[in-house]
Number of protein chains: 2
Amino acid sequence: MAVGRVVVFSGGVGGAKLADGLAQVLPGENLTVIVNTGDDFDHLGLRICPDLDTVVYTLAGIADPENGWGRAGEQWTVLEALRELGGPDWFNLGDRDLALHLLRTDMLGKEISLTEVTSRLCKRLGVVCSVLPMTDDPVATRVLTENGDLAFQEYFVERHCEPVVRSFRFSGIENARPTPGVMDAIEKADVILFGPSNPWVSLDPILAVQGIREALGKKKVVAVSPLVGGKALKGPAAKMYRELGIEPGAGAVAAHFKDLLSGFVFDTIDMEQIEEIKALNVQTLVTDTIMKDRTSRKRLAKEILGFSGSL
Amino acid sequence: MAVGRVVVFSGGVGGAKLADGLAQVLPGENLTVIVNTGDDFDHLGLRICPDLDTVVYTLAGIADPENGWGRAGEQWTVLEALRELGGPDWFNLGDRDLALHLLRTDMLGKEISLTEVTSRLCKRLGVVCSVLPMTDDPVATRVLTENGDLAFQEYFVERHCEPVVRSFRFSGIENARPTPGVMDAIEKADVILFGPSNPWVSLDPILAVQGIREALGKKKVVAVSPLVGGKALKGPAAKMYRELGIEPGAGAVAAHFKDLLSGFVFDTIDMEQIEEIKALNVQTLVTDTIMKDRTSRKRLAKEILGFSGSL
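Attention here is on the structure that accompanies the text. (Residues numbered from 1 in each chain as written. Chains lettered and ligands numbered in written order. Predicted model: local features only at pLDDT ≥ 70, side-chain atom pairs only at ≥ 80, totals over all residues.)

## Re the overall build of chain A
Stage number 1. Scanning chain A for helices and strands turns up 13 helices and 14 strands.
Stage number 2. Its C-alpha atoms give chain A a radius of gyration of 19 Å, within 12% of the compact-globule value 19 Å for 311 residues.
Stage number 3. Expressed along its principal axes, the backbone C-alpha trace of chain A runs to roughly 60 × 45 × 40 Å.
Stage number 4. Residues counted as buried form 51% of the 311 residues belonging to chain A.
Stage number 5. Partitioning the contacts of chain A with sequence separation of at least 6, the portion at a separation of at least 24 is 67%. (Helix = DSSP H or I, 4+ residues; strand = E, 2+ residues; numbered from the N terminus. Rg over C-alpha atoms; globule rule 2.2 N^0.38 Å. Buried ≥ 20, exposed ≤ 12 C-beta atoms within 10 Å, placed from the backbone. Contact = placed C-beta atoms within 7 Å.)

What follows is the structure, encoded as structure tokens:
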């Protein structure tokens, strides 16, 4: 059965790339990207939503192709002037990127919801599929480490993911409700895809929003492994697994989500883990999962849609 | 008697240039610039203080030499990106300038006073004299025009000073107290100079802050005319006088402040107004008041100090 409506759960770079592949294949009205907001934070009075921005920039075709985050052709004059004035320069605030933060912060200050703000920015940037924050309520991922309880950006940017992690906490999650748009998109979806994003700090926060995990109980869910050859292409996912006493690998990711999954997509390089994954009672698609350019994003998206339709 | 301690009241460009001339002549501890904050406003969530910034940038030697306001070598990437996102682009928000607005807004949000914020920025930029906002309390100049009651920046930037003015109002002024630093500087000053700033919207707001006008009663006050040959070098002062039914000129400025003045400085080109001004019982210095470069700022500052000492 062909897959019509698709919802993707996404963190930053990996999920954004898969979303872009799907956007090349599906009509905009059939694709919804639900994005982690646990990394969102306030910096210099600005509300910054790293994962939402990476998804929007990637779908708009204006993401920096090297970094994956931020904008292509970025300038850094403001950051340079900030440094000169003795301001905080630990967070990479690009000039073009800053315009979006300013505009969003201003709209949020006028009581416009993050969902509506994101929708307006998408429209302005020509993004035709739906990009939805997982919730409009504030959630802040905390990384509990051997060096204390750290805010996510403190762990990720300031401390370069160096502290050894013990667990995670999504502060505010008990009061975070999904927006009607999120629940509606899940309800109507033929398949829910988990992008190749960090299970601990990108996907788990989305699943922890009230009612989302329950809503998936009735749905076909397919996850794409963010770990390839035991390593994350980007970010600290593998390091986190190791520090939590779990051997990082495609199998570990599949096990992480096992209660939810109908299908699991992982890289050919990890072929030897297929039996371990099948033992979780999950169907598998083994393919080249590295999305090095727009063409490979599209190719992977097509394969995943075909696989999902076959389940 | 030589003049030791000097206080200058200043709006933007004209007052800033005189302050820079004085800063070239006086030791930092003997010079205080008290700056109009009636033009301050919020834009995109940022607190913007146009006159304070012009004074600080000018004293730091980093002001744009063409415009008088903003920074030399400014970049406009953020504004360009804002425009692309459909954000407001009527206010010229330079990249380097923006760094200061961000930092100030962040500090103000942490309950640091505008006086303290300004002092920290000055220190960082190597400005050694004191630059003080007229008050830490919010004051907003309103321009009452034939087209309605406009916020100052709306009148000045958005409407290009086109609406015909009827009067001015300084919203919040009844609760605006001068800081202890302002009163102390006035108290200790040998002379108070009114920079060549707009009497209606730069100097009147300072004089309207509780207790400032009264404190000047005991002091030697010398004003420098912002009108030369009946025209303002910058801004709408002459147009305002005309619309209020007063012939614009050095004499009109002297009359504006007549109760306060011991001395008045105006341009040679307006020599024919000397009798009209002397009739106000004010001593005069007639000289070249156009400060086209740093050298002429210094020259004028020296002449004014000499004149003030002779009063």
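## Remarks on the packing of helix α4 (residues 95-109) of chain B against helix α5 (residues 114-124) of chain B
Residue and element names in this part refer to chain B.
Stage number 1. In the contact formed by α4 and α5, the axes pass within 10 Å of each other and the chain directions differ by 140 degrees. For the element pair α4 / α5, the angle class is oblique. Considering the relative orientation of α4 and α5, their crossing is right-handed. Where α4 abuts α5, its residues Leu100, Arg104, Met107 and Leu108 lie against Leu114, Val117 and Leu121.
Stage number 2. By residue class, the composition of the contact of α4 with α5 is six nonpolar, no polar and one charged. (Axes fitted to C-alpha atoms, helices over the stretch in contact; angles between N-to-C directions. Parallel < 35°, antiparallel > 145°, perpendicular 65-115°, else oblique. Left-handed = near helix turned anticlockwise from the far one by under 90°. Nonpolar A, V, L, I, M, F, W, Y, C, P; charged D, E, K, R; others polar.)

## Section: the pairing of strand β10 (residues 221-224) of chain B
Residues and elements named next belong to chain B.
Stage number 1. With burial as the criterion, each face of β10 is covered, one bearing Val221 and Ala223 and the other bearing Val222 and Val224.
Stage number 2. Taken together, the three bridges between strand β9 (residues 191-194) and β10 define a ladder with parallel strand orientation. Opposite Phe194, over in β10, you have Ala223 as the bridge partner.
Stage number 3. With three bridges joining them, β10 and strand β13 (residues 263-267) adopt parallel strand pairing. Along β13, the bridge assignment pairs Val222 with Gly263. (Pairing = 2+ DSSP bridges.)

## A few points about helix α8 (residues 199-208) of chain B
Each full turn of the α-helix corresponds to 3.6 residues, which orients residues three or four apart in the same direction.
Stage number 1. Counting buried residues along α8(B), nine of its ten residues qualify, which places the element largely inside the surrounding structure.
Stage number 2. Of the positions making up α8(B), those classed as buried are Pro199(B), Trp200(B), Val201(B), Ser202(B), Leu203(B), Asp204(B), Pro205(B), Ile206(B) and Ala208(B).

## Some words on the relation of the copies chain B and chain A
Stage number 1. Least-squares fitting of chain B to chain A yields an RMSD of 0.0 Å, with the transformation described by 0.0 Å of translation along the axis and a rotation of 180 degrees. Here the two chains are linked by the operation of a two-fold rotation axis. Judged by C-alpha distance, Asp95(B) is the residue of chain B that lies nearest the rotation axis, at 3.6 Å.
Stage number 2. Mapped onto chain A, 100% of the interface residues of chain B are again interface residues, and the two copies thus contact each other with one and the same surface. (Least-squares fit on C-alpha atoms with pLDDT ≥ 70 in both.)

## So, the interface of chain B and chain A
Stage number 1. Chain B puts 22 residues into the contact, and the matching count from chain A is 22 residues.
Stage number 2. For the side of chain B that touches chain A, the secondary structure elements donating two or more residues are α3 (77-84), α4 and α5 of chain B.
Stage number 3. With ten residues, the single largest contributor to the side of chain B that touches chain A is α4(B).
Stage number 4. Residues that form the side of chain B that touches chain A fall into these classes: eleven nonpolar, seven polar and four charged.

## Some points on the environment of Leu244(B)
Stage number 1. Structurally, Leu244(B) is set in the loop between α10 (237-243) and α11 (250-256).
Stage number 2. On a C-alpha basis, the gap between Leu244(B) and Val164(B) in space is 8.8 Å, while along the polypeptide they are 80 residues apart.

## With respect to the sheet that holds strand β13 (residues 263-267) of chain A
Residue and element names in this part refer to chain A.
Stage number 1. As summarised here, the arrangement of the seven strands in space is β5-β2-β1-β9-β10-β13-β14, forming an open sheet in which the pairing is parallel. Edge positions in the sheet fall to β5 (130-133) and β14 (283-287), since each has one partner strand and no second. Between one strand axis and the next, the sheet turns by 20 degrees as a mean value, whatever way the strands run.
Stage number 2. Sheet strands in contact with helix α1 (residues 13-23) are β1 (6-10), β2 (31-35) and β10 (221-224), and its direction is about 160 degrees off that of β1.
Stage number 3. Docked against the sheet, helix α2 (residues 50-60) engages β1, β2 and β5, running at close to 175 degrees with respect to β5.

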